[in-house]
Amino acid sequence: MSNDEGTPSILSESAVTVFFNPAASGGRAGFRLAQIRKLFESFQVHAQFVRTNSAAELELSVQDAISRRCRVLIAMGGDGTFHTLANAAFGADVLLGVLPVGGGNDFAAALGLPDDPVKSVEAVLRGTPRFVDLVRVRTGEGQTRLYAGGGGIGLDARAAHYSSGAYRWLPGRSRYIASALRALVGFVPLDVRVDFPESDLIPHEARVLLAAVLNSPTYGAGLRLAPGATLNDGSLHVVLIEDIGAFEILHLLPRLIGRGELRTSRMKRWQVTKVRLTTRNPSLFQGDGEILGSTPVEIELVPRAVQVLAPWTD
């Protein structure tokens, strides 16, 4: 049910907290804050806006809000911000949301949220609670973490290091393209073994540019590695890009930059619920653009893991 303004009744009847980092996405999040506050007021949603300055601070703030019985928790940021929110809130009886003002907004895009910040806020405030899957990864260090969109090893994990550091100031896909190009310098392809526990699929070994495990159709600000994926299809989408060499990568760049497409015959795909990635030497694994640990990694789908406000229907 919705009220006369088109806002779900749960937003008008529940405690709502919006978490924001004014420095996120090169300060673009802070720039939008006043406008977003006014939109909440126009929808008659009384929200508390909580400033956080780091992922650790956000996680503590989320746990505090849950302890105060806050029912609706919304992250203002990109994939990394929602990543922290989902991990802090997992298992609690709460409803999550994301206002996409980050550098990479692939999870928000998979939810059907528009790129325009104002329109995305309106879509969230008019959204419907929907269950989505998450992905659980256990790293070689024994650490367990959830991620929402895409993760992997190889070039993308190395690029994630640069996108959250030296190139953090760049907007959208340009940040990830620049980071990937920087990561190519001196990059040595990985020898990886892919196992599929609880499946009849035969293990696969290859020398790869990257090995990705996705829950969403895109990652890296719109790179479509798993175009058939949805956030509630009950599958992990495993993608290997075998070593194609620097020359072919440069040849593919125009389409990659313009449309987010990567077309090569050296791409392998599987749909499973569990996968294990092993490399000859420990390699960093990233999820939602965050470095989570090293290989070997065991990855499994967590179906219907959290509820989020989204404009799409099942």
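What this report covers is the structure whose coordinates are included nearby. In this text, all values refer to a predicted model and were calculated from it rather than measured experimentally.

Comments concerning the packing of helix 3 (residues 55-67) against helix 4 (residues 79-89)
Between helix 3 and helix 4, the shortest axis-to-axis distance is 9 Å and the interhelical angle comes to 40°. Here helix 3 lies oblique to helix 4, going by the angle between them. Note on packing geometry: the crossing formed by helix 3 with helix 4 is right-handed. Touching Ala55, Leu58, Glu59, Val62, Gln63 and Ile66 of helix 3 are Thr81, Thr84, Leu85, Ala88 and Ala89, all from helix 4. Classifying every residue of the contact of helix 3 with helix 4 by side-chain character gives seven nonpolar, three polar and one charged.

With respect to the nonpolar core
In terms of nonpolar packing, the biggest core is built from 53 residues, with Phe40 and Leu73 touching the most fellow members. Once you skip the residues sitting within four places of it in the chain, Leu73 turns out to touch Thr17, Phe19, Val62, Ala65, Ile66, Leu85, Ala89, Val94, Leu95, Leu96 and Gly97. Within the second largest apolar cluster, 24 residues are counted, among which are Val137, Ile153, Leu190 and Val297.

Brief notes about the packing of aromatic side chains
By the definition in use, this model includes four aromatic pairs. Pairing Phe82 with Phe107 gives two aromatic rings, centres 4.3 Å apart and planes at 20°, and the pair type is stacked. A residue pair is termed long-range when its members are at least 10 positions apart, and Phe82 in helix 4 and Phe107 in helix 5 (residues 106-111) qualify at 25 residues. Like Phe107, Phe82 is buried. Where Phe196 meets Trp270, the ring centres are 5.3 Å apart and the plane angle is 45°; that geometry is what we call tilted. Residue Phe196 is found in the loop between strand 8 (190-195) and strand 9 (204-214), and its partner Trp270 is found in strand 13 (residues 267-272); the two are separated by 74 residues along the sequence. Look at Trp270 and you get buried, because its relative accessible area is 17%.

Quick word on the pattern of salt bridges
Scanning all chains against the criterion turns up nine salt bridges. Glu198 is the salt-bridge partner of Lys274, the closest N and O atoms lying 2.6 Å from each other. One end of the pair, Lys274, is in strand 14 (residues 274-279); the other, Glu198, is in the loop between strand 8 and strand 9, with 76 residues separating them in the sequence. Three or more residues joined by partner-sharing salt bridges are found here, namely Asp191, Arg207 and Arg280.

Here is what the cut-offs are and how they apply
- Residue indices follow the written sequence of each chain, beginning from 1 at its first position.
- Since the coordinates come from a predicted model, pLDDT governs what is reported: local features require at least 70, and pairs of side-chain atoms require 80 or more to be given and counted, while whole-chain, interface and lining totals use all residues.
- For side-chain calculations, the full set of non-hydrogen atoms in the structure is used, while hydrogens and water are omitted.
- Fitted lines through C-alpha atoms serve as axes, helices being fitted only where they are in contact, and the angles separating the N-to-C directions of these axes extend from 0 to 180 degrees.
- Helical segments are the DSSP runs of H or I of at least four residues, strand segments are the runs of E of at least two, and each set is numbered from the N terminus.
- Oblique is the label for any angle not under 35 degrees, not over 145, and not in the 65 to 115 range, which are roughly parallel, roughly antiparallel and roughly perpendicular in turn.
- By convention, the crossing between two helices is left-handed when the near helix turns anticlockwise from the far helix through less than a right angle, and right-handed when the turn is clockwise.
- Whether two residues are in contact is decided by their heavy atoms: any pair within 4.5 Å suffices.
- By the convention adopted, Pro, Cys, Tyr, Trp, Phe, Met, Ile, Leu, Val and Ala count as nonpolar, Lys, Arg, Asp and Glu as charged, and the other residues, Gly among them, as polar.
- By convention a nonpolar core is built from buried Ala, Val, Leu, Ile, Met, Phe, Trp, Tyr and Cys residues, the set being connected through side-chain atoms within 4.5 Å.
- Think of it in three bands: with a 1.4 Å probe and only protein chains considered, a residue is buried below 20% of the maximum accessible area for its type, exposed above 50%, and partly exposed in between.
- Whether two aromatic rings pair depends on their centres lying within 6.5 Å, for rings of Phe, Tyr and Trp, where Trp uses its six-membered ring; planes under 30 degrees apart make the pair stacked, over 60 edge-to-face, and the rest tilted.
- By definition here, a salt bridge exists when the distance from a side-chain nitrogen of Lys or Arg to a carboxyl oxygen of Asp or Glu is within 4 Å.

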